[in-house]
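Remarks on the overall topology
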Amino acid sequence: MTILNNMADLASQKFMTFKNYLYKNYGESPGKMLVHTGVLGWILSSAAQVFAIVINDKIPAKEKMFLIPQEFADAAVNILSFYVVTNSFTSVGNKLVKSGKLLTPKLKKYVDEKQIKDIGKITTDISSGMTGEVRDEFMKFKGGVSIIFSTLGSILSCNIITPLLRNQYAAKKQKEIMAMNEKKDAPQKPDTQKTLQKPNDFVYKPLSMSDYIKYSGSNMRI
Amino acid sequence: MARQAFYDVIPNKVIESEKLRRGIAWVNKEISTPENRLILGATALMSQPFIDGHNKSVDENTRKVSVCRTIAKIVAGTFTGYFIRKGCIKAIDKWSKLPTSVNKAGQKIKLNRLNTLFSPSNAISDLSDAFMQYKNALGTIVALGVMTITNFLIDAPLTKYLTNKFVAASGGLKHDNSK
């Protein structure tokens, strides 16, 4: 019973540490929160896709050996492009406000009164030593700018860069498989396109939607 | 140095327009992950079907199904993504009360184990922006866990259903030998 109580106390302490960490890290950085939860979303949806393949009895082991690394590659493209682009945008938004490049009249007055030098330098932080109402204004303004920039970054990465990269990857994979199949079956039917339906079972037909889906990545953005 | 050169190109700006300042303050207060998901969904509808529709490396039927599937995926993903995030944030809000929390009548809320389940110990006021952002963050994390399951239970079948509807509505496939 004591062991159970100790374990419950430990779990409770860890949970409180986790909550306090979230409050401290994301409470004043909503843009950073959007980036991190976005990355977590991609990781979880990719993991779910891989898990679905692993536990699917209808997919032969040979195909699994191909599909699982392919899902990982697709996930890497999604996560990397999302993180790099969205994080860069968010960072630029934060830096513009922190360095004093982008200000409200109230913040400008504060900067002038405090005679803060090197406005616009990336090492400058106008919020250092800021308190009270001005700090409140700064945090709200920085939060808003940060959200706008991270949203712009996520639109660019999720809706433009990722689909383009994924289509290119899908087309490349299709060609590779087709070339491989054609080479293998060249003596029988040299001029016909083939796609793989089951391992070692080649059917002569044009490229199909199932092939496209297979190589265009099946990740559902959550 | 290159980073500084990039920032040097951007001119210093003081936002004089009160409307714009109010807009930025509104974004900070009102836009979080559910709204972000809605914006992503709406802009995805404007860009992704166009990208898939111009993918010359696949045949016409595949292109058509691909566009329909992309639209279906966006609609299903945005629908579940928005409502699950919103619901989880609401639940976290209900169970994250602080000593400063009051009900709609303005009376102090009696704290118990359940309504403080997700309350951090380092938060001072429930009215602060930081506390609101904390609830959004935790609600989103919980929502992501929930969506890992609903991704299969709702999104995948809904995407399949909508894809078939959209393909049929767009006149079906020319050569149905790809099935």
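Residues numbered from 1 in each chain as written. Chains lettered and ligands numbered in written order. Predicted model: local features only at pLDDT ≥ 70, side-chain atom pairs only at ≥ 80, totals over all residues. Heavy atoms only, no water.

**Quick notes on the overall build of chain A**
Heads up, the condition is: Only DSSP runs of H or I covering at least 4 residues are called helices, and only runs of E covering at least 2 are called strands; the numbering of each starts at the N terminus. Burial classes: relative accessible area under 20% of the type maximum marks a residue as buried, over 50% as exposed, and values in between as partly exposed (1.4 Å probe, protein chains only). A contact between two residues is defined here by any heavy atoms of the two lying within 4.5 Å.
Regarding its fold elements, chain A presents six helices and three strands. Split into buried and exposed, the 222 residues of chain A put 48% on the buried side. Pairs at least 24 apart in sequence give 64% of the contacts found in chain A among residues at least 6 apart.

**Quick word on the nonpolar core**
Here is the rule we go by: Here, nonpolar core means buried Ala, Val, Leu, Ile, Met, Phe, Trp, Tyr and Cys residues that are tied together by side-chain atoms lying within 4.5 Å of each other.
Counting 18 residues, the largest nonpolar core has Leu102, Leu107, Ile126, Met130, Phe138, Phe141 and Val145 of chain A as the members making the most contacts within it. A total of four residues in this core trace back to one element, the largest contributor, which is helix α5 (residues 132-185) of chain A. Each residue touching valine 145 of chain A, except ones within four places of it in the same chain, is listed here: Gly93, Val97 and Leu102 of chain A together with Ile24 of chain B. Among the nonpolar cores identified, the runner-up in size contains 13 residues, and Tyr23 of chain A together with Ile92, Leu98 and Phe131 of chain B belong to it.

**Comments concerning the interface of chain A and chain B**
A common way to report how large an interface is uses the accessible area buried once the components associate. Note the cut-off: In short, buried area is how much 1.4 Å probe accessible area vanishes from two parts on joining, totalled over both. Salt bridges are identified by distance alone: a Lys or Arg side-chain nitrogen within 4 Å of an Asp or Glu carboxyl oxygen. Residues are sorted three ways: Asp, Glu, Lys and Arg are charged, Ala, Val, Leu, Ile, Met, Phe, Trp, Tyr, Cys and Pro are nonpolar, and all the rest, Gly among them, are polar.
Contacts between chain A and chain B engage 68 residues on the former and 71 residues on the latter. A combined buried area of about 5,900 Å² lies between chain A and chain B, and 65% of that area is made up of carbon and sulfur atoms. Our count for the chain A to chain B interface comes out at zero salt bridges. Of all the elements in the fold, those that place two or more residues in the side of chain A that touches chain B are α1 (2-26), α2 (30-55), α3 (61-98), β1 (102-103), α4 (105-113), α5 and α6 (209-216) of chain A. Sorting elements by how many residues they give to the side of chain A that touches chain B places α5 of chain A first, with 19 residues. Split into classes, the residues belonging to the side of chain A that touches chain B amount to 37 nonpolar, 20 polar and eleven charged.

**A closer look at helix α2 (residues 18-30) of chain B**
Residue and element names in this part refer to chain B. Test applied: Every helix has an expected span of 1.5 Å times one less than the residues it contains. The arc in question is formed by the directions pointing from the helix axis toward the C-beta atoms.
Under the 1.5 Å per step criterion, the end-to-end length of α2 is 18 Å for 13 residues, consistent within 8% with the ideal 18 Å. Buried residues of α2: Ile24, Val27 and Asn28, and no others. The buried residues of α2 occupy an angular sector of 100° when the element is viewed end-on, so they sit on one face. For α2, the exposed residues lying more than 90 degrees away from the buried face are Lys19, Arg22 and Lys29.

**Observations concerning the packing of aromatic side chains**
What counts here: Geometry of aromatic contacts follows a simple scheme: Phe, Tyr and Trp rings, the Trp one being its six-membered ring, pair when their centres are within 6.5 Å, and the pair is stacked under 30 degrees between planes, edge-to-face over 60, tilted otherwise.
Across all of its chains, the model carries eight aromatic pairs over all chains by this definition. Residues phenylalanine 15 of chain A and phenylalanine 18 of chain A carry aromatic rings whose centres are separated by 6.5 Å and whose planes lie at 20° to one another, so their mutual orientation is stacked. Of this pair, phenylalanine 15 of chain A and phenylalanine 18 of chain A both sit in helix α1, three residues apart, which is roughly one turn of that helix. With relative accessibility at 29%, the residue phenylalanine 15 of chain A sits in the partly exposed group. Grouped by ring-pair contacts, the aromatic residues Phe15 and Phe18 of chain A together with Trp95 and Phe118 of chain B constitute a single cluster.

**Quick look at the confidence of the model for chain B**
Residue and element names in this part refer to chain B. For clarity, the threshold we go by: Confidence scores labelled pLDDT are given residue by residue by the predictor and lie between 0 and 100.
This prediction gives chain B a mean pLDDT of 89; 97% of its residues lie at or above 70. Put simply, helix α1 (residues 2-9) is where chain B has its lowest mean pLDDT, 87, and strand β1 (residues 13-14) is where it has its highest, 94. Of the two predicted TM-score estimates for the complex, the pTM is 0.79 and the ipTM is 0.83.

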